[in-house]
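This is what each chain is made of:
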Amino acid sequence: MVATDNFQKKSEETRFNLASYLKERQKLCDTALDQAIPVVYPEKIYEAMRYSLLAGGKRVRPILCLATSEMIGGTIEMAMPTACAVEMIHTMSLIHDDLPAMDNDDYRRGKLTNHKVYGEDIAILAGDGLLALAFEFVATQTPQNVPRERALQVIARLGKALGAAGLVGGQVVDLDSEGKSDISLETLNFIHNHKTAALLEACVVCGGVIAGASAEDVEKLTRYSQNIGLAFQIIDDILDITSTQEQLGKTAGKDLKAEKVTYPSLWGIDESRAKAQQLVESACVELASFGEKALPLQAIAHYIVSRNH
Ligand SMILES: CC(C)=CCC/C(C)=C/COP(=O)(O)OP(=O)(O)O
Ligand SMILES: O=P(O)(O)OP(=O)(O)O
Ligand SMILES: [Mg+2]
Ligand SMILES: [Mg+2]
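Residues numbered from 1 in each chain as written. Chains lettered and ligands numbered in written order. Predicted model: local features only at pLDDT ≥ 70, side-chain atom pairs only at ≥ 80, totals over all residues. Heavy atoms only, no water.

Caption draft 1: Spatial organisation of the overall build of the protein. The number of helices and strands found in the protein is 16 helices and 2 strands. For the protein, the spread of C-alpha atoms along the principal axes amounts to about 50 × 50 × 35 Å. For the protein, the proportion of its 309 residues judged to be buried stands at 52%. Taking contacts inside the protein between residues at least 6 apart in sequence as the whole, the part at least 24 apart equals 74%. For the protein, the exposed surface amounts to about 13,900 Å²; the carbon and sulfur share of it is 53%. One way to put it: in the protein the 31 positive side-chain charges average out to a point 4 Å from where the 41 negative ones average out. (Helix = DSSP H or I, 4+ residues; strand = E, 2+ residues; numbered from the N terminus. Buried < 20%, exposed > 50% of the residue type's maximum accessible area, 1.4 Å probe, protein only. Contact = heavy atoms within 4.5 Å. Areas by Shrake-Rupley, 256 points an atom, 1.4 Å probe, with all protein chains shown as cover. Lys, Arg positive; Asp, Glu negative; His and termini not counted. Charge placed at Lys NZ, Arg CZ, Asp CG, Glu CD.)

If you want it as structure tokens, here you go:
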């Protein structure tokens, strides 16, 4: 696997132990997310929200948020409420995406989907509950040593990334494109820039904003995250073809079955992988001015193309 070799080479060069870094950060995020939602009356909605949120995702989005805060000079504590919020938003989008009205999927994160366990009504509400909590969480849990206008900016950016100008808009065009074989590269890019890259961008930029990133920093973070956002989706499309349900924790081979236009369907697997690798290299270059401090974000960028699920 070329991407894995490149990644290992890169890790050796940088002497950065990404595996233990990710494990430690995943644990921190899991603990914070667990504490964010106590189960009270009416228990079933809190249980449904916890079911999907704590089902063991990779936590790429909150980890990106924390890593960016630290690179800019902030702390994990400052960014943790925002990191939890992005994972709540992401989980909401997966619960709703899996509903019969959208992708009608039975498995997610290695478990039955939310509606399969709790029913469609509760699954819709669990998504709504997570979404509302995300914004409440940033507003009420961001530590007092973070200037309030930074939290306000995070709330505005998350709202934009999530709404019709982001995730929701991308999902609409994605649903519209189903069953059409003549989707252009332009439309495919629109879908992925909105459905996938917008939230990844918000994770990175909001982590920076919480830590007080300058306008110039925000520009670099934006370019880094747009590149990794597209690379993430290209790899997602490849994994749908090359991985098993066991590895992915969700049904594999869905795109081929649905005859969906994807990057590998347009370019083939090898060229798609090369393109993702190029995007990651460009992303890393954007952070060169941060020197050693950029190592975690650069290593995460490489992980995004070398992951197997
Ligand atoms: C507003 C909403 C509901 C947005 C959903 C966004 C999203 C990234 C869905 C998963 O994409 P997918 O269906 O292409 O991938 P998967 O195979 O993970 O379901
Ligand atoms: O690891 P997950 O479940 O959060 O999914 P994604 O691949 O979309 O990050
Ligand atoms: Mg979908
Ligand atoms: Mg889906």
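Alright, that's what it looks like, and here's the rest.
Caption draft 2: Fine view of the packing of helix α4 (residues 60-72) against helix α5 (residues 76-97). Relative to each other, α4 and α5 sit at 155 degrees, their axes nearing to 8 Å. Taken as axis vectors, α4 and α5 run roughly antiparallel relative to one another. Like other packed secondary-structure pairs, α4 and α5 cross with a definite hand, here right-handed. Residues R61, P62, C65, L66, S69 and E70 of α4 lie in contact with α5, whose contacting residues are I76, A79, M80, T82, A83, V86, E87 and H90. Of the residues contributing to the contact of α4 with α5, the split by class is 8 nonpolar, 3 polar and 3 charged. (Axes fitted to C-alpha atoms, helices over the stretch in contact; angles between N-to-C directions. Parallel < 35°, antiparallel > 145°, perpendicular 65-115°, else oblique. Left-handed = near helix turned anticlockwise from the far one by under 90°. Nonpolar A, V, L, I, M, F, W, Y, C, P; charged D, E, K, R; others polar.)

Caption draft 3: Region of interest: the packing of aromatic side chains. Under the counting rule described, the total for this entry stands at 3 aromatic pairs. Geometrically, the ring pair formed by Y51 and Y118 is edge-to-face, given 5.5 Å between the ring centres and 70 degrees between the ring planes. Of this pair, Y51 sits in helix α3 (residues 43-53) while Y118 is found in helix α6 (residues 114-118), placing the two residues 67 residues apart along the sequence. Residue Y118 is classed as partly exposed on the basis of its relative accessible area of 25%. (Phe/Tyr/Trp six-rings, centres within 6.5 Å; stacked < 30°, edge-to-face > 60°.)

Caption draft 4: Fine view of the state of the cysteines. With the rule as written, the count across this model stands at 0 disulfides. We note that C29 lacks a disulfide partner, and the nearest cysteine sulfur, in C84, lies 6.7 Å from it. The buried category is assigned to C29, whose relative accessible area is 1%. Cysteine C65 shares no disulfide, and the gap to the nearest cysteine sulfur, in C203, comes to 6.5 Å. What makes C65 buried here is its relative accessible area of 0%. (Disulfide = S-S within 2.5 Å.)

Caption draft 5: Examining the pattern of salt bridges more closely. Across all of its chains, the model carries 16 salt bridges by this definition. A salt bridge links K195 to D174; the nearest nitrogen and oxygen atoms lie 3.3 Å apart. In this pair, K195 sits in helix α10 (residues 185-210) while D174 sits in helix α9 (residues 167-177), placing the two residues 21 residues apart along the sequence. Assessed through its relative accessible area of 21%, K195 is described here as partly exposed. Between R223 and E286 there is a salt bridge; the shortest N-O distance is 2.9 Å. With a gap of 63 residues between them, R223 in helix α11 (residues 215-242) and E286 in helix α15 (residues 269-286) connect regions that are remote in the sequence. With a relative accessible area of 36%, R223 lands in the partly exposed category. Through salt bridges with shared partners, a single ionic network connects D30, R59, E87 and R109. (Salt bridge = Lys/Arg side-chain N within 4 Å of Asp/Glu carboxyl O.)

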